[in-house]
Amino acid sequence: GEESGVNEVLFQGGYGSVFGFSLGASFSTRNLGGGGETLAVIGPNGAGKSTFLLTLADLIKPVQGEILFNEKSIKDWDELDYRRRIAFVFQDPLLMDMSVQDNIALGLKFRGVKEYQQPVIKWSKAMGVDSLLKRRAGQLSGGEAQRVSLARAFVLDPELLLMDEPFSAVDPQT
């Protein structure tokens, strides 16, 4: 299968200071099955897990090291093409000032998908927010907003789904 992985990534912050981490070992998904695999990044607070995920999403650029996606360095990917293959669910949901339905459909609309109604309904039901589709995002509880954020990511059927503590505001039964 195609390989994705990380090799000794280092980040440089503002004012010349170095922040983040260097991975003690590389990881590769070469030996994982054909998709549907889960890899968890765990560690104490401040260890750099969120920074690492932001780098995998190409939202932070490493100053050294290499990140491969489908056997190609993310430096060599067209940014838009790469980002259309991934989805990111942040710890704090980032929703637009529009209806729940429009928030869930947003990524599909950006990708030029015309028939988005069925996938939006499917994932809104799966996340338990189908009764909220007409509600404005600003009227949601923290847990509801997070479930909308999850539905917005899952509806894209991304090749790579990055999640940074996505269930922290969600009720346990969800």
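In this text, all values refer to a predicted model and were calculated from it rather than measured experimentally.

**Comments concerning the confidence of the model for the protein**
- Residues with a pLDDT of 70 or more make up 76% of the protein, whose mean pLDDT is 80.
- At the level of individual helices and strands, the protein shows its lowest average pLDDT in strand 2 (residues 18–19), which scores 46, and its highest in helix 4 (residues 117–126), which scores 97.
- In the predicted structure, residues 10–26 sits below a pLDDT of 50 and forms 36 contacts with residues beyond four places in sequence or in another chain.

**Thoughts on the nonpolar core**
- Counting residues in each nonpolar core, the largest one holds 19 residues, and the members touching the most others are Val100, Ile104, Val120, Val129, Leu140 and Val148.
- Within the residue set of this core, elements represented by two or more residues are strand 6 (86–89), helix 3 (100–110) and helix 5 (142–154).
- Residues in contact with Leu140, not counting those within four places in the same chain, are Leu95, Val100, Leu132, Arg135, Ala145 and Val148.
- Residues Leu56, Ile74, Tyr82 and Leu162 belong to the second largest nonpolar core, which totals 12 residues.

**Comments concerning unusual backbone geometry**
- Unusually for a residue other than glycine, Asp157 sits at a positive phi of about 50 degrees.
- With respect to the element layout, Asp157 can be found in the loop between helix 5 and strand 7 (160–163).
- Backbone geometry at Glu165 places phi at a positive 45 degrees, although glycine is not the residue there.
- For Glu165, a relative accessible area of 42% puts it in the partly exposed group.

Definitions and limits used
Residues numbered from 1 in each chain as written. Predicted model: local features only at pLDDT ≥ 70, side-chain atom pairs only at ≥ 80, totals over all residues. Heavy atoms only, no water. pLDDT = per-residue confidence, 0-100. Helix = DSSP H or I, 4+ residues; strand = E, 2+ residues; numbered from the N terminus. Contact = heavy atoms within 4.5 Å. Core = buried A, V, L, I, M, F, W, Y, C linked by side-chain atoms within 4.5 Å. Buried < 20%, exposed > 50% of the residue type's maximum accessible area, 1.4 Å probe, protein only.

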